[in-house]
Amino acid sequence: MYRIRIHGRGGQGIKMASRILGTALFRSGFTVQDAPKYGAERRGAPIFSTVRAARATGPGQAINERGIIHRPDLVVVADDTLLAVPAAGTLLGIDSGSVVLVNSHEKAATWRERLNLDATLLILPAGEEVEDRAELPHVGATCAGAAACLLGVIEPEALAAAIAEELAGLGEPVVEKNRTRALAAFTAMMDQRGVVREGTAIAAEGFTPPSWIELPFEDASISAPDIRAAANSVQVRTGLWRTLRPVIDYDHCGKCWWVCSTFCPDSAILVENGLPVIDYDHCKGCMVCVGVCPPHAIAGIPEYLAQAQDALETETGESNGPDTADR
Amino acid sequence: MDQTLLTGNVAAAWGARLAAVDYIPAFPITPQTEIIETLGAWVDTGEMPGRMVTLESEHSMLTAAGAAAATGVRVFSATSSQGLLHAMEMLYTVSGWRAPFVLVNVSRGLSAPITLEADHNDILAARDSGFLQIHCADCQEVLDGVLLAYRLAEDPGVRLPVLVNLDGFYLSFTREPVSLPDPAAVARFLPPFDPGNIRFAASAPESQAVAVLGGSPYSYFRYETHLAAQNALAVYDRVAGEFESLFGRQRQAVEAYRTGDADIVFYMMGSFATKAREAVDRLREAGQKVGLLRPRLLRPFPTDAIAAALDGVQGVAVIDQNLSMGQGGVLHTELAASLYGRPGAPAILTSFIGGLGGREITPEEFYQMVAVTREAVTAGKAPPPRLLYTEAELREIRKLQAVAQVEREETTPLRWSEDSNQGGAGHE
């Protein structure tokens, strides 16, 4: 059986990626089970989906395993910022038999070293025209296309048919864009075709027993689900979710601070001496401020380009940097 | 047989569509909403006849469902978790009206703390409401269960509402291959509702569900409802037999998987039971005689079928995806009560609490539960109930408590003896 996990953020098409892959496998004669696992159910929040596919032994043979995949054969990470978010669980159960496909500007060797992984680590190829790798509408289909190739048991025709089936409700132009991206990703992975191997079930002989413990009694003063830390949500750097960075051009800023700071859905635009200042630790990059800014003074630039620029400025010492970097 | 990939939610909606329901009162709640969205789309395009109405709460939704069923039309509705509890007053009321209809519940753990994923405390809170209960383990069973539920509810010897339960996420959002039965075959199995003398109508006013003063008439009506629920056992067996001959799928009141020669048996319900099925296969490969017993029908409780399947079994590992505070697992309690004093009943029932709020149960945990139960059989004594909970999980809680600045006095956050670290050996 193939056991596949796909990680991304809400809005990137991660559920759709699992459905495309699931349908493509189903059309290729496999018995399939696919499911999303939504965490916080919010745009930008970590989400993952799973696909299990077994060679069909006959109708009515549903897959008995279900839920989280603890020993994945293939892990797809559509957004490399998730690798640093423990709650996303991207690294769960990866071993030397796993293939990990990461959508990243970094090299495979870099991630292999950073994460101390001895798995087969591959980088999702992106076309030259892609400025923002996490570009929202198509990354899910791109991941599904690459994954389909890595499995080696899905023909491009089955992939295209699966995309047409799953996206039918969105109209032919959307189907076409996704199909083009997915097939391009499929073609780009051809030298790795079939690199993913079917895993085996965990045997009941010689298994590692679970490290069960006795849950100790604790007073309600401790064990009631209370958060004593006042306003500690500020410690969660939701700015990590951002794939586009709004940047205020103060030469054109009209200082009509009420507009952008009020419309920001995350209260991430502060006002200092009548000047709006973006709190990049908590700005999720929704681009609402870009849209509402009356003098059109806020630009949206890909986060990775902005970070590269930050690094350059730090090196050359001419940083006036992200305004809230040390907040 | 043609199969298509459907989520449990869409399978439930297909059940309602194939049952040609007349009326759908609706209210959204995660993880059920996809059911009413799917039905809403079909009603909107005319692919499905019938009338759908959104109500302002689950309490009103259940009132509307019961009232509509009391006019003799076929009614479908769906809810989950907090929604089911919000409607609780009306669950008891409409079953007392003897209004037959089908309500799907998508199981989700109850607040507080609030969560989204499955356990069975919501559906078990409705255990004594007079609704019958069918519990599903996969998406095909969800579709089939809705059809079976209508036959059961509308049988003149039963005439009670039926809850069909599926687990949130693990079934609601999980796609599996499902066979969509031929509508003509469904129409043979489930013809249009013959309401008999159920005919509440403005043009012919009558009084239903009257008040009674005094315990004696009250006892009559309540016990009649109980007798009807008990009748449903035989009706279910007959209906499931008809279903099998028409559609080829076995849907007995109790699934007995490889129990024939088993000495140890898992006993649990819901979608996690398929994980147990998988574990049974692996344990059999390792030469262990292990099986799985899973009630599909929880109300009425199929006592005789369960006792027959466990006859000669040495130990039962009962896995409760629910928790009755101050008592323990509900399935364990009910199984013990139904087996007490029966000759041939297993001597050992071990109790495990697992899967609360959708917490995973791993293959290794299933294997270990068998090992613990085997040890108990040898020792002739069952260990205390065990929560499936690992050292790593407590470590995570300690981290969350640190972030939340919970003031714990313990300075070494992880402290327990080495031998409590050995899974089943932790009780000495």
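The numbering scheme is per chain: residues are counted from 1 as the chain's sequence reads. As they are written, the chains are lettered A onward and the ligands numbered 1 onward, keeping that order. pLDDT decides what is reported in this predicted model: residues at 70 or higher carry local features, side-chain atom pairs at 80 or more are listed and counted, and totals for whole chains, interfaces and linings draw on all residues regardless.

### Re the overall build of chain A
Our working rule: Counting from the N terminus, the helices are the DSSP runs of H or I reaching at least four residues and the strands are the DSSP runs of E reaching at least two. The burial criterion counts other C-beta atoms lying within 10 Å of a residue's C-beta, which is placed from the backbone; the residue is buried at 20 or more, exposed at 12 or fewer, and partly exposed between these limits. Working definition of a contact: two residues with C-beta atoms, positioned from the backbone, lying within 7 Å.
For chain A, the helix and strand inventory stands at nine helices and 10 strands. Looking at the 327 residues of chain A, the share that counts as buried comes to 41%. Considering only residue pairs separated by 6 or more positions, chain A has 68% of its internal contacts joining residues 24 or more positions apart.

### Details of the interface of chain B and chain A
For clarity, the threshold we go by: Amino acids outside the nonpolar list (Ala, Val, Leu, Ile, Met, Phe, Trp, Tyr, Cys, Pro) and the charged list (Asp, Glu, Lys, Arg) are all regarded as polar, and Gly is one of them.
Across the contact, 51 residues belong to chain B and 38 residues belong to chain A. At the level of secondary structure, the elements contributing two or more residues to the side of chain B that touches chain A comprise β1 (3-7), β8 (175-179), α10 (272-285), α13 (363-379), β15 (386-387) and α14 (391-403) of chain B. Element by element, the count of residues in the side of chain B that touches chain A is highest for α10(B), at seven residues. Looking at the side of chain B that touches chain A residue by residue, the classes come out as 21 nonpolar, 15 polar and 15 charged.

### Quick look at the sheet that holds strand β13 (residues 315-320) of chain B
Residue and element names in this part refer to chain B. What counts is decided by this rule: At least two DSSP bridges between two strands are required for those strands to pair. Axis definition: a line fit to C-alpha positions, over the contact stretch in the case of helices; interaxial angles, taken between N-to-C directions, run 0 to 180 degrees.
Strand order in the open sheet formed by six strands is β9-β11-β10-β13-β14-β15, with mixed pairing between adjacent strands. For this open sheet the edge positions go to β9 (254-257) and β15, each flanked by a neighbour on one side alone. Two elements, strand β14 (residues 348-353) and β15, share two bridges in a ladder whose sense is parallel. Paired with Ile353 across the strands is Leu387, a residue of β15. Along the sheet, α10 contacts β9, β10 (264-267) and β11 (290-295); its crossing angle with β11, the most-contacted strand, is approximately 165 degrees.

### Quick word on the confidence of the model for chain B
Residues and elements named next belong to chain B. Applicable threshold: pLDDT gives the predictor's per-residue confidence on a scale running from 0 to 100.
Taken residue by residue, chain B gives an average pLDDT of 94. The fraction at 70 or more is 95%. Long-range and interchain partners of residues 415-428, a stretch whose pLDDT sits below 50, account for 22 contacts in this model, where long-range means more than four residues apart. Taken together, the chains of this predicted complex give a pTM of 0.90 and an interface ipTM of 0.91.

### Side note on the packing of helix α3 (residues 139-151) of chain A against helix α5 (residues 172-188) of chain A
Two packed helices can be described by the angle between their axes and the distance between those axes. All names here are of chain A. To keep it simple, the criterion reads: For a crossing to be left-handed, the near helix must be turned anticlockwise from the far one by less than a right angle; the clockwise case is right-handed.
It is the contact of α3 with α5, at a shortest axis distance of 7 Å, that shows an interaxial angle of 35 degrees. Remark: the crossing between α3 and α5 carries right-handed chirality. Counting all contacts with α3, which are made through Ala141, Thr142, Ala144, Gly145, Ala146, Ala148 and Cys149, the residues of α5 involved are Asn178, Arg181, Ala182, Leu183, Ala185 and Phe186. Its residues assigned to classes, the contact of α3 with α5 comprises nine nonpolar, three polar and one charged.

### Observations regarding the domain arrangement of chain A
Stated precisely, the cut-off is as follows: An automatic or database domain assignment supplies the residue ranges for each domain.
The domain boundaries assigned to chain A delineate domain 1 (2-192) and domain 2 (237-316). Inter-centroid distance (C-alpha atoms) of domain 1 of chain A to domain 2 of chain A is 31 Å.

### What about the sheet that holds strand β7 (residues 162-167) of chain B?
Whenever strands of a sheet pair, they do so through backbone hydrogen bonds, lying parallel or antiparallel. Residues and elements named next belong to chain B. Spatial ordering of the open sheet is given by β4-β5-β7-β6-β12, a layout of five strands whose pairing is mixed. Only two strands of the sheet have a single neighbouring strand rather than two, namely β4 (76-79) and β12 (297-299). Within this sheet the neighbouring strands show an average axis-to-axis angle of 25 degrees, counted without direction. Summarising the sheet, strand β6 (residues 132-135) and β12 pair through two bridges and their orientation is antiparallel. Along β12, the bridge assignment pairs Ile134 with Leu297.

### With respect to the pairing of strand β2 (residues 30-37) of chain A
All names here are of chain A. Burial within β2 is extensive, with eight of its eight residues counted as buried. The alternating pattern of β2 places Phe30, Val32, Asp34 and Pro36 on one face and Thr31, Gln33, Ala35 and Lys37 on the opposite face, and all of these are buried. Pairing geometry for β2 and strand β3 (residues 46-55), over eight bridges, is antiparallel. Pairing of Ala35 across the sheet is with Thr50, part of β3.

### A word on the nonpolar core
The condition is simple: We define a nonpolar core as a collection of buried residues of the types Ala, Val, Leu, Ile, Met, Phe, Trp, Tyr and Cys that are connected via C-beta atoms lying within 7 Å of each other.
In terms of nonpolar packing, the biggest core is built from 184 residues, with Ala147(A), Val102(B), Val146(B) and Val162(B) touching the most fellow members. Filtering out sequence-adjacent residues up to four positions away, Val102(B) remains in contact with Phe76(B), Val146(B), Ala149(B), Tyr150(B), Ala153(B), Val162(B) and Val164(B). Grouped together as the second largest cluster of nonpolar side chains are 12 residues, Cys260(A), Ala268(A), Tyr280(A) and Ile298(A) included.

### Notes on the packing of helix α1 (residues 8-18) of chain B against helix α2 (residues 33-45) of chain B
Residues and elements named next belong to chain B. Note the cut-off: Should an angle lie under 35 degrees it is considered roughly parallel, over 145 roughly antiparallel, and from 65 to 115 roughly perpendicular; all remaining angles are considered oblique.
In the contact formed by α1 and α2, the axes pass within 8 Å of each other and the chain directions differ by 45 degrees. One way to sum up the angle between α1 and α2 is to call them oblique. Viewed along their axes, α1 and α2 form a crossing whose handedness is right-handed. Contact residues: Asn9, Val10, Ala12, Ala13, Ala16 and Arg17 in α1; Glu34, Ile35, Thr38, Leu39 and Trp42 in α2. Looking at the contact of α1 with α2 residue by residue, the class counts come to seven nonpolar, two polar and two charged.

### Quick notes on the environment of Thr63(B)
Note that Thr63(B) resides in helix α3 (residues 58-69). Between the C-alpha atoms of Thr63(B) and Val210(B), which are 147 residues apart in sequence, the distance is 16 Å.

### Observations regarding the pairing of β13(B)
Residue and element names in this part refer to chain B. The buried fraction of β13 is high, at six of six residues. The two faces of β13 match: Gly315, Ala317 and Ile319 on one face and Val316, Val318 and Asp320 on the other face are all buried. By the bridge criterion, six bridges tie β13 to β14 in an arrangement that is parallel. Following the sheet pairing, Ala317 is matched in β14 by Thr350.

### Overview of α13(B)
Residues and elements named next belong to chain B. Stated formally: Under the convention used throughout, the expected extent of a helix is 1.5 Å for every residue step, that is, one less than its residue count.
Across its 17 residues, α13 extends 25 Å between first and last C-alpha, which sits within 8% of the 24 Å expected from 1.5 Å per residue. In terms of residue burial, α13 counts as a mostly covered element, since 12 of its 17 residues are buried. Regarding α13, the residues found buried are Pro363, Glu365, Phe366, Tyr367, Gln368, Met369, Val370, Val372, Thr373, Arg374, Ala376 and Val377. Gly380, located one to two residues past α13, shows a positive phi value of around 75 degrees.

### A short note on the confidence of the model for chain A
Residues and elements named next belong to chain A. Overall, the predicted model of chain A reaches an average pLDDT of 89, with 92% of residues at or above 70. Put simply, helix α9 (residues 303-316) is where chain A has its lowest mean pLDDT, 85, and helix α4 (residues 156-166) is where it has its highest, 98. Confidence drops under a pLDDT of 50 for residues 319-327, and excluding neighbours within four residues, the segment shows 14 contacts in the predicted structure.

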